[in-house]
Amino acid sequence: MDRVRPSPIALAHQLRDTAAMKVISLSRHCLLLATATLSLLTAVVSAQGVSIQSGQDLAARIDAHIGQPRFAGASWGIAVVSLNNGRTLYAHNADQLFQPASTAKLYTAALTLSELGADYRIPTRLLAGDKLRHGTLDGPLILYGMGDPTLGADASTVDWANQLSRQLAERGIQHIKGDLIADDTYFAGPSMGSGWEAIDLQSWFAVPSSALSVQENQVDVTITPAAREGHTAMVSLEPAGAVPAVVNRMTTSAPKLRNDINLYRAPGDNTLYAFGNIAARSPAQRFKLAAVDPAQLAGDQLLKALARHGIKIQGHLRVLHWPQSSEALRADTSTVAEVLSPPVGEILQRGLKHSQNLYLQNLLLIAGVRAQADAMQGPAPPVGFLTTENWGIRSLRQLLDRMGVAPTASLIEEGTGLSRRDLSTPNAMTQLLAFLAAQSYATTLREALPLAGVDGTLQWRMRNTPAENNVQAKTGSMNLVHCMAGYVTTAGGERLAFAIMLNNYDPPPGSPGASRDVDAIAVMLAGLRADTPASADAKASAGAPQPVN
């Protein structure tokens, strides 16, 4: 997900009070900043609203926008390419590497559509041996996850545990003489993406990537004040058990006192610490955090569903994680129940519209499993261990080679853009977009992107401009990183692919938000009235002349 890094202590603070503090802080300075803010906003709006008649006019306006003194310490990278004729309309530092943030999800989307296809449905299965006598299964029952990130979170799978239990009951199984095994070893490797930062791992946007994911691997934490001041506040979790241990040091403070709610779980630790205070008679406060062990949670939910359907488990719940292996356990089993995810095209749409990191990371890993299987069946099976993520990135690299994207132009190491080691040039990004626009699944990809002023992460951006209901693009933001890449049709009817990357920028006081600065360029592209002729020279600034493809 597009996100701004939390404070170094990684605490979840009460949002309403934080916002109030910011308002108070700003009010003290508003008289000093009003003039500067008004002039900067006017400049942005002016750049967006004026008709642009030619490619030269476009270049001059973009140059003027990114050349403002407040960007002196920042880095802009921009590439704009016509899908009508392949010409470069504008380029600035287009062959330099930038952190792409969540625009890196476009690489994962390309791999997903190319290798899995939009119609593929991801199964979650119950596996068992054939020793069934008089309603008793003699042996373990294996809940085998294969990477569905929507399990328990989509209308078709929200009742997944009951669906599996019902199918089992319909087979006449009433008693399992063995353990229930929750198995997420389908993915080989750590549960976090390469380069993810430890400080993020308790956060809702950096949940574990598990082959047996459930309810998006998130836990809702609710803090409720006690009835009387001085008493311990209540901390509740949904789903219950999503965090094994909670140390509650939350107190109920005097009414109307500012809330100070802090939630902390150390990386790799199973204990959530809640401390601070919540005012008496104030509304309950809710937060989202990462679940500790999604496979354990899924196993618990299935265990309860089996009981509801009258199916008794004689053994215990066991959970298998990589580097454990279930290969021997699964050797003589078959599928006795199964639920399927929505089509991958729908999963991709939700993942791109809302920048859902779990969805894209799991799709990369599923592609990695398939790439490994294909390689092992080839004439020269590879030797040595690679993680499933490595296999996915290897498959992505092969796809980019077919596109003609140089290895030095796209250095992507996981599926979401959370890693600050992910790097891409703007030119590589537009090459990717141009390739996608020419594929049979081009419409699927475009419809999966946020639409300016309408939905997703662009729902509230670029409204009442030529970009509204026009720009289809993936956003990307982290601290000091602000990006957008996608498609736009100009006022002159020309279809463009663009990548706009702004790195190392923290807006100074009184300046527009960085997203507005990125949006301003997309709006300029939408307002271009001239259809750039194939013979026109492309504009390239701040670097060597850009090649024309």
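Criteria and cut-off values
- Residues numbered from 1 in each chain as written.
- Predicted model: local features only at pLDDT ≥ 70, side-chain atom pairs only at ≥ 80, totals over all residues.
- Heavy atoms only, no water.
- Helix = DSSP H or I, 4+ residues; strand = E, 2+ residues; numbered from the N terminus.
- Expected span 1.5 Å × (residues − 1).
- Buried < 20%, exposed > 50% of the residue type's maximum accessible area, 1.4 Å probe, protein only.
- pLDDT = per-residue confidence, 0-100.
- Contact = heavy atoms within 4.5 Å.
- Pairing = 2+ DSSP bridges.
- Axes fitted to C-alpha atoms, helices over the stretch in contact; angles between N-to-C directions.
- Core = buried A, V, L, I, M, F, W, Y, C linked by side-chain atoms within 4.5 Å.
- Parallel < 35°, antiparallel > 145°, perpendicular 65-115°, else oblique.
- Left-handed = near helix turned anticlockwise from the far one by under 90°.
- Nonpolar A, V, L, I, M, F, W, Y, C, P; charged D, E, K, R; others polar.

S.K.: Is there a simple way to think about helix 10 (residues 426-437) in this case?
M.R.: Since the α-helix advances by 3.6 residues per turn, residues separated by three or four positions end up pointing in the same direction. If you check helix 10, its first and last C-alpha atoms are 16 Å apart, about what twelve residues at 1.5 Å a residue would give, namely 16 Å. Along helix 10, the residues classified as buried are P426, N427, A428, M429, T430, L432, L433 and L436.

S.K.: Help me understand the confidence of the model for the chain, please; the structure alone is not making it clear to me.
M.R.: Low-pLDDT portions of the prediction should not be read for the details of their coordinates. Chain-level pLDDT for the chain is 89 on average; 87% of the residues reach the 70-or-more range. The low-confidence segment residues 534-549 (pLDDT under 50) makes 31 contacts with residues lying over four places distant or belonging to another chain.

S.K.: In this structure, what is going on with helix 5 (residues 294-308)? I would like to understand it.
M.R.: The terminal C-alpha atoms of helix 5, which comprises 15 residues, lie 21 Å apart, in line with the 21 Å expected from a rise of 1.5 Å per residue. Those residues of helix 5 not exposed but buried are P294, A295, L297, A298, G299, Q301, L302, A305 and L306. Here the buried face of helix 5 lies against strand 3 (121-128), strand 6 (141-145), helix 4 (160-170), strand 8 (180-183), strand 15 (312-313) and strand 16 (317-320). Positive phi shows up at G310, right after helix 5, with a value of about 75°.

S.K.: How should I be thinking about the sheet that holds strand 9 (residues 218-224) in this particular structure?
M.R.: Adjacent strands of a sheet pair through backbone hydrogen bonds, lying either parallel or antiparallel. If you trace the three strands from one edge of the open sheet to the other, you get 10-9-14, paired in antiparallel fashion. Each edge of the open sheet is held by one strand with a lone partner, namely strand 10 (234-238) and strand 14 (285-290). Within this sheet the neighbouring strands show an average axis-to-axis angle of 25°, counted without direction. Inspection of the sheet shows strand 9 paired to strand 10 by five bridges, in the antiparallel sense. Across the sheet, the residue bridging to T224 is M234, located in strand 10.

S.K.: I tried to follow the nonpolar core on my own but got confused; where do I start?
M.R.: In globular proteins that are soluble, nonpolar side chains generally tend to be buried together. Grouped together as the largest cluster of nonpolar side chains are 61 residues, with contacts concentrated most on Y107, L352, M429, L432, L445 and Y487. Looking at this core, the element that brings in the most residues is helix 8 (residues 357-376), giving nine residues. If near-sequence neighbours (up to four positions away) are discounted, M429 is found in contact with P100, T103, L106, Y107, S424, A485, A499 and M501. Of all hydrophobic cores here, the second largest spans 45 residues; its members include L164, L237, A291 and A298.

S.K.: Where do I start with the packing of helix 3 (residues 105-115) against helix 8 in this structure?
M.R.: The interhelical angle for the contact between helix 3 and helix 8, taken along N-to-C directions, is 45°, at an axis separation of 9 Å. Between helix 3 and helix 8, the crossing angle belongs to the class labelled oblique. Judged by the twist between their axes, the crossing of helix 3 over helix 8 is left-handed. For the pair formed by helix 3 and helix 8, the contact residues are K105, T108, A109, L111, T112 and E115 on the first element and N357, L360, L363, L364, A367 and R370 on the second. In terms of residue class, the contact of helix 3 with helix 8 is made up of six nonpolar, three polar and three charged.

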